[in-house]
Amino acid sequence: MDISTIMVHVDARDDAISRLSHAVALAAAFRATLIGLLSQHPNHSPRLTMRATDCDSSRQTFEAATEGAAIAVDWRVGEGTAIEAMHCEGRLADLIVVSQPAPPASQADADSRRFVEATIIGTGPPVLVIPAGLCAPDATWPYSRVMVAWSGTRESARALRGALPICQRAKYVEVVSCIAPGPGWQHHVSPPSYGVAW
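Residues numbered from 1 in each chain as written. Predicted model: local features only at pLDDT ≥ 70, side-chain atom pairs only at ≥ 80, totals over all residues. Heavy atoms only, no water.

Peer 1: Teacher, can you tell me more about the nonpolar core here?
Peer 2: One finds I6, V8, L26 and L34 to be the most contacted residues of the largest nonpolar core, which totals 31 residues. Within the residue set of this core, elements represented by two or more residues are β1 (5-9), α1 (16-30), β2 (33-39), α2 (52-66), β4 (95-99), β6 (145-150) and α5 (154-169). Ranked by residue count, the leading element in this core is α1, at 7 residues. Each residue touching L34, except ones within four places of it in the same chain, is listed here: I6, V8, A23, V24, A27, F62, T66, I71, A72, V73 and D74. (Core = buried A, V, L, I, M, F, W, Y, C linked by side-chain atoms within 4.5 Å. Buried < 20%, exposed > 50% of the residue type's maximum accessible area, 1.4 Å probe, protein only. Helix = DSSP H or I, 4+ residues; strand = E, 2+ residues; numbered from the N terminus. Contact = heavy atoms within 4.5 Å.)

Here you go:
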């Protein structure tokens, strides 16, 4: 699987700049088109509509992050809430980049967590979650170490297959087995050695 289209969620959160810088680095490494996605309804609420100034500000942030990068870019304003926009638009991407949600101290944090979970479960392509507090990348390929969680399920195999382009560029890939212990062999679960074989 090649990564030719990367979608990054653009919003007004403090970590948007870090998220965008990682998305730009990935797009440059894979020579992929980077698509910035903003939803019409902020805060994941269909009752609130994005103000024109907020939309312009988000677009300017995206344009500033991609300025000077040797990549193709596209800007989209998705219909509906952030989850609805990502479910609709994100299915066309080969990789989606979002930020790790903050600990749920407020309703906005809880909404952010719901958004990331819904993106991972509901869109289809692999989702790269940029850890909270991670600085902008300082190298052409900042992901020299990759950890893969392997549960032996269909979802685990699909996630690893989607992550292969990133794993192949890493210097170290660690497969961590997450198979629940149980009596006897679970015939529907593939052993960790299958994850390593890729």
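Peer 1: I keep staring at the packing of aromatic side chains and nothing clicks. Help me out?
Peer 2: Two measures describe an aromatic ring pair: the distance that separates the ring centres and the angle between the ring planes. With the rule as written, the count across this model stands at 1 aromatic pair. Taking the centre distance of 5.5 Å and the plane angle of 40 degrees together, the rings of F62 and W75 count as tilted. A residue pair is termed long-range when its members are at least 10 positions apart, and F62 in helix α2 and W75 in strand β3 (residues 73-78) qualify at 13 residues. The exposure classification of F62 matches that of W75, with both residues buried. (Phe/Tyr/Trp six-rings, centres within 6.5 Å; stacked < 30°, edge-to-face > 60°.)

Peer 1: Can you walk me through α1 in this structure?
Peer 2: Residues spaced three or four apart along an α-helix point in a common direction, a consequence of the helix completing one turn every 3.6 residues. Compared with an ideal rise of 1.5 Å per residue, which puts 15 residues at 21 Å, α1 spans 21 Å between its outermost C-alpha atoms and is within 8% of the ideal. Judged by how many residues are buried, α1 sits mostly within the fold: 13 of 15 residues are covered. Residue R31 follows α1 closely and has a positive phi angle near 55 degrees. (Expected span 1.5 Å × (residues − 1).)

Peer 1: How do you make sense of the sheet that holds β2 when you look at a structure like this?
Peer 2: Each strand in a sheet pairs with another by means of backbone hydrogen bonds, the pair being arranged parallel or else antiparallel. If you trace the 5 strands from one edge of the open sheet to the other, you get β3-β2-β1-β4-β5, paired in parallel fashion. Where the open sheet ends on each side, the last strands, each with one partner, are β3 and β5 (127-130). Neighbour to neighbour, the strand axes of the sheet diverge by 25 degrees on average, direction disregarded. (Pairing = 2+ DSSP bridges. Axes fitted to C-alpha atoms, helices over the stretch in contact; angles between N-to-C directions.)

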